[in-house]
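These are the residues of each chain, in order.
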Amino acid sequence: MIVLGIDTSCDDTSVGIVQDTTVLANVVSSQDAIHAEWGGVVPNLARRAHQENFPLVYQQALAEAGIQENQIDVIAVTYGHGLAIALEIGIIEAKALATRLQKPVVAINHSEGHILANCATDLTGAGGVALADITLPALCVLVAGGQTQFVRMQAFGEYDMLGQTVDDAIGEGFDKAARLLGLPYPGGAKLSELAVTGNPAAYTLPRPMRGSGDFDVSYAGLKTAFLHLVNKTKLESPDGILSPSQLADLAASYQEAAIDTLLIKIKKILDTGEYKQILLGGGVAANPVLQQRLLTVGNERNIPVHIPFSRKLCTDNGAMIAIAGYFHAQKQDYLEKPEELERDPRLSLTKTITRSLE
Ligand code: KG4
């Protein structure tokens with residue numbers, strides 16, 4: 001089955017094409033350059049860029065996959081969560097394609113796409129875990145620019161929230177910390193590159209909410225502590241300028257605190273003894289230190305850890321939506337009236353499936 005996946009939930013225009021769970025194409029048109037000037041995503045600029053970019057991204061995806069559009073069997077589109085006016089563009093395009101090609105539509109929850117990106121395989125069949133091989137319950141760790149969530153996957157389509165950020169998301173924290181170090185938006189990946197040569201123990205930063213007695217996390221306090229640390233270090237430096245080694249040490253210390261904060265709660269969740277596997281998803285899942293440290297935790301406890309096989313499958317992308325679409329198509333979760341599909345900017349993972357079935 002060939003599934004086309006569309007994601008315009010935030011600032012990337014993306015179209016992916018899969019054959020079952022094999023990724024044939026995954027084209028992402030980044031808007032980073034547009035939003036960098038503003039230090040964050042500007043919704044109406046994102047919408048306009050989605051409108052302009054979609055036709056080209058769609059044609060590129062068909063070319064990369066080596067298929068004609070009439071070979072598409074199913075159209076999958078993100079309908080939430082995300083920026084309302086950005087989501088709308090993907091939905092408008094999905095409806096137009098469905099009408100033109102006379103193909104069924106499945107509506108996908110963006111967060112479920114991040115989880116199911118772990119099932120993606122490359123053209124050789126390598127890379128992903130089969131849905132049937134995910135032993136349940138599994139712990140899904142969703143770490144992105146707009147979310148930090150620990151989710152219990154009870155079955156495909158059945159998710160419970162175990163804990164989440166009470167303020168900023170981990171990716172947002174990385175981006176703000178990167179900005180304080182003078183790195184352009186979105187700075188998460190750049191901060192992690194800078195951290196490679198730094199000493200993670202060079203500076204002391206807090207691990208907020210470590211003893212909160214629940215599975216929630218917080219990143220706002222860490223951001224404030226980092227702001228004070230950067231200012232203090234600048235004041236103590238000659239001419240107020242940070243040296244390359246200070247910048248690297250600050251980046252490494254921030255990254256260590258951000259990842260520790262996450263892992264403290266992951267370990268507490270695993271201490272319950274319920275979870276058979278871990279699935280990591282979202283843009284911050286591309287962080288190599290997070291990946292390594294989570295794999296170590298899994299090894300110590302004999303719990304398999306799954307990570308999407310490429311960086312592109314971690315950050316927002318259409319292939320993950322196509323894969324989620326493939327699994328929903330297997331369950332015949334087709335929209336009866338696709339023309340009535342509306343965006344749901346605050347969509348939560350716990351109400352994903354029932355909505356598209358009824
Ligand atoms: O999932 P995503 O593409 O977009 C949404 O938030 O929905 O995630 C983007 C986030 C940004 O905050 C970006 O800075 C962060 O993921 N990110 C990283 C890394 N790569 C991307 N954060 C830390 N380390 C990375 N290597």
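A.B. asks: Lay out the site of the ligand with the relevant residues and their values.
C.D. replies: Surveying the vicinity of the ligand reveals 19 residues, the closest of which are Gly145, Asp175, Gly283, Asn287 and Asp316. Within the backbone of Gly171, a nitrogen or oxygen atom sits 3.2 Å from an oxygen atom of the ligand. Between an oxygen atom of the ligand and a side-chain N or O atom of Asp175, the distance comes to 2.5 Å. If the ligand stood free it would expose 560 Å²; the protein chains cover 90% of that surface. Elements that contribute at least two residues to the shell around the ligand include exactly α4 (110-116), α5 (170-180) and α6 (188-195).

A.B. asks: Outline the confidence of the model for the protein, supporting the account with residue identities and numerical values.
C.D. replies: Mean pLDDT for the protein: 95, with 98% of residues reaching 70 or above. For residues 352-358, every residue scores under 50 in pLDDT, and the model assigns this stretch 16 contacts once sequence neighbours within four places are set aside.

A.B. asks: An account of the packing of α5 against helix α8 (residues 244-271) is requested, with residue identities and associated values reported.
C.D. replies: Direction vectors running N to C along α5 and α8 enclose 170°, while the axes themselves pass 11 Å from each other. Judged by the angle between their axes, α5 and α8 are roughly antiparallel. Here α5 contributes Ile170, Gly173, Phe174 and Ala177 to the contact with α8, which in turn contributes Tyr254, Gln255, Ala258 and Leu262. Tallied by class, residues from the contact of α5 with α8 come to six nonpolar, two polar and no charged.

A.B. asks: Kindly report on the sheet that holds strand β2 (residues 12-19), identifying the contributing residues and their values.
C.D. replies: Paired through their backbone hydrogen bonds, the strands of a sheet run either parallel or antiparallel. A sheet is described by the order of its strands in space; here five strands give the open sequence β3-β2-β1-β4-β5, paired in mixed fashion. The strands lining the two open edges of the sheet, one partner per strand, are β3 (22-30) and β5 (105-109). On average, each strand axis in the sheet is tilted by 20° relative to the strand beside it, whichever way the strands run. Bridge count between strand β4 (residues 74-80) and β5: five bridges; the pairing is parallel. Within the sheet, the bridge partner assigned to Val77 lies in β5 and is Ala107.

Definitions and limits used
Residues numbered from 1 in each chain as written. Predicted model: local features only at pLDDT ≥ 70, side-chain atom pairs only at ≥ 80, totals over all residues. Heavy atoms only, no water. Near = heavy atom within 4 Å. Polar contact = N/O pair within 3.5 Å; in protein donor to acceptor, adjacent residues only side chain to side chain. Areas by Shrake-Rupley, 256 points an atom, 1.4 Å probe, with all protein chains shown as cover. Helix = DSSP H or I, 4+ residues; strand = E, 2+ residues; numbered from the N terminus. pLDDT = per-residue confidence, 0-100. Contact = heavy atoms within 4.5 Å. Axes fitted to C-alpha atoms, helices over the stretch in contact; angles between N-to-C directions. Parallel < 35°, antiparallel > 145°, perpendicular 65-115°, else oblique. Nonpolar A, V, L, I, M, F, W, Y, C, P; charged D, E, K, R; others polar. Pairing = 2+ DSSP bridges.

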